Structures are given as C-alpha cells and as structure tokens.
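Structural overview for review
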Amino acid sequence: MSQDDEFREFVTVRMDRWRRTAFLLSRDWHAADDLVSIMVGKLYWHWAKVSRAGNPEAFAQRVLTRTWLDERRRPWSRERASARLPEPSGSWASLGSSHSPQARVDDRAQLDELLGSLGPRQRAVLVLRFYLNHSVEETADLLGISVGTVKSQSARALEALRQLAASGDQR
C-alpha cells in the first residue's frame, strides 16, 4: 500500500470524529470544517513522520487542538456565529441514542448552550477530557498547559455547568 493510500485510509476512518470534535471546540460547523481541512493538510505534509510515530491518532488530535488554538488567536475568530444550531446532517445526526430525533436536537441545543457559556480554555479541557476521554496529562500536553491547570479548569468548568443546569431546571 502506498503512503498516499495509507494516508487516505487513515483520514477517511477518522474524519467524522475529527469534525465532531472540531465542532465541539469551535461551536461552528464551518469553522470545524476549516479546522479539519487545515489539520489534514498538516498531517499530509508530515505523513512520513506521522505514520512512523507510535500513535498517529494522538498526533492527529494534537494537531487538531493546536490548530484550533492558533485559529482562535486570529482576528476573525472574534466574530460570533448565529445562535441557532444547523439542522442535523451526516454523521452528527446519527450519533446513536434511542432518543427521538427531536430529543437529540434538544440535547445538542442544551449542550451547545452550556458549552457556549464557558471560556475557550474551559471548553477545550472539557471536550478533550470528557468527550474524547483523554487523561489529564494528555489534555495538558495537547493544550500546552500544566496538569494543575487542567484540573482547576475542569473543576471550574464543571461547577459552572452544574450551576447553569440547576438554574435552568428552576425556570
């Protein structure tokens, strides 16, 4: 199998997950697509090294996370997307649960609202720790911060989410 075929297979298998992860980080499907495109280009450029690495999946996740952090610093990242979620399509709509389609849309809307209430670093820590199931050490490494910062950001973000969820239940 040629390196191009190997790369194509690697990307094809993981594309939907990367796109969902990028959406959870950026909260915008267009930005998520841009992030994944940039990440795939970077992976392709360094594929010879990446394919020899012990864990190309972790390398790809690091590239995606760092790409998101880099893009956040650009001036256009301060623009805000519409408050409405896009209609579910493709793999996002098929994230399995036995709930009705409307219940899944409501769950996504609530998750989007709760994640949107957090700062970018807290949101990134929660997505990496609890959605992608990375360890504290892996999360710290991916974000370029200390283990203690990951722990404190996780605790603060979870507490903020608990307070928001509690106040939402009392409405």
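Residues numbered from 1 in each chain as written. Predicted model: local features only at pLDDT ≥ 70, side-chain atom pairs only at ≥ 80, totals over all residues. Heavy atoms only, no water.

**Quick word on the pattern of salt bridges**
- This model, assessed by the stated rule, comprises 5 salt bridges.
- Across the pair R8 and D5 runs a salt bridge, and its minimum N-O distance is 2.9 Å. Of this pair, R8 and D5 are both found in helix 1 (residues 3–26), 3 residues apart, which corresponds to roughly one turn of the helix.
- A salt bridge links E159 to R162, with the shortest nitrogen-to-oxygen separation between them at 3.6 Å. (Salt bridge = Lys/Arg side-chain N within 4 Å of Asp/Glu carboxyl O. Helix = DSSP H or I, 4+ residues; strand = E, 2+ residues; numbered from the N terminus.)

**A short note on unusual backbone geometry**
- Located in the positive-phi region is R27, a residue other than glycine, with phi close to 65°.
- In this structure, R27 sits in the loop between helix 1 and helix 2 (29–45).

**Thoughts on the nonpolar core**
- Within the largest apolar cluster, 39 residues are counted, with the highest numbers of intra-cluster contacts made by F10, W18, M39, V40, L43, L64 and L143.
- Ignoring sequence-local partners within four residues, the contact set of L143 consists of T65, R66, L69, A124, V125 and L128. (Core = buried A, V, L, I, M, F, W, Y, C linked by side-chain atoms within 4.5 Å. Buried < 20%, exposed > 50% of the residue type's maximum accessible area, 1.4 Å probe, protein only. Contact = heavy atoms within 4.5 Å.)

**Concerning the side chain of R129**
- Of note, R129 is situated in helix 7 (residues 120–131).
- For the buried R129, which has no salt bridge, the nearest side chain bearing the opposite charge is E138, at an N-O separation of 6.9 Å.
- A polar contact is formed between the side chain of R129 and the backbone oxygen of H134, at a distance of 2.6 Å.
- Those residues in contact with R129 that sit more than four places away from it in its chain are H134, S135, V136, T139, V150 and S154. (Lys, Arg positive; Asp, Glu negative; His and termini not counted. Polar contact = N/O pair within 3.5 Å; in protein donor to acceptor, adjacent residues only side chain to side chain.)

**So, the environment of E138**
- Relative to the helices and strands, E138 resides in helix 8 (residues 136–143).
- In the structure, E138 is positioned 10 residues away from L128 in sequence and 8.7 Å away in space, judged by C-alpha atoms.

**Structural notes on helix 2**
- If you check helix 2, its first and last C-alpha atoms are 24 Å apart, about what 17 residues at 1.5 Å a residue would give, namely 24 Å.
- Of all the positions in helix 2, only W29, A32, L35, V36, M39, V40 and L43 are classed as buried. All buried residues of helix 2 lie within an arc of 135° about the axis, which places them on one face of the element. Exposed residues lying more than 90 degrees from the buried face of helix 2 are H30, S37 and W45.
- For helix 2, the side-chain oxygen to backbone nitrogen distance between the N-cap and H30 is 2.7 Å, and the N-cap itself is D28. (Expected span 1.5 Å × (residues − 1). Arc of directions from axis to C-beta.)

**With respect to the packing of helix 2 against helix 4 (residues 56–72)**
- In the contact formed by helix 2 and helix 4, the axes pass within 9 Å of each other and the chain directions differ by 130°. By the angle between their axes, helix 2 is oblique relative to helix 4. Considering the relative orientation of helix 2 and helix 4, their crossing is right-handed. Within the contact between the two elements, helix 2 uses L35, V36, I38, M39, K42 and L43 and helix 4 uses F59, A60, V63, L64, T67, W68, D70 and E71.
- Class assignment for the residues of the contact of helix 2 with helix 4 results in 10 nonpolar, 1 polar and 3 charged. (Axes fitted to C-alpha atoms, helices over the stretch in contact; angles between N-to-C directions. Parallel < 35°, antiparallel > 145°, perpendicular 65-115°, else oblique. Left-handed = near helix turned anticlockwise from the far one by under 90°. Nonpolar A, V, L, I, M, F, W, Y, C, P; charged D, E, K, R; others polar.)

In short, the description is geometric, and any link to function would need to be established separately.
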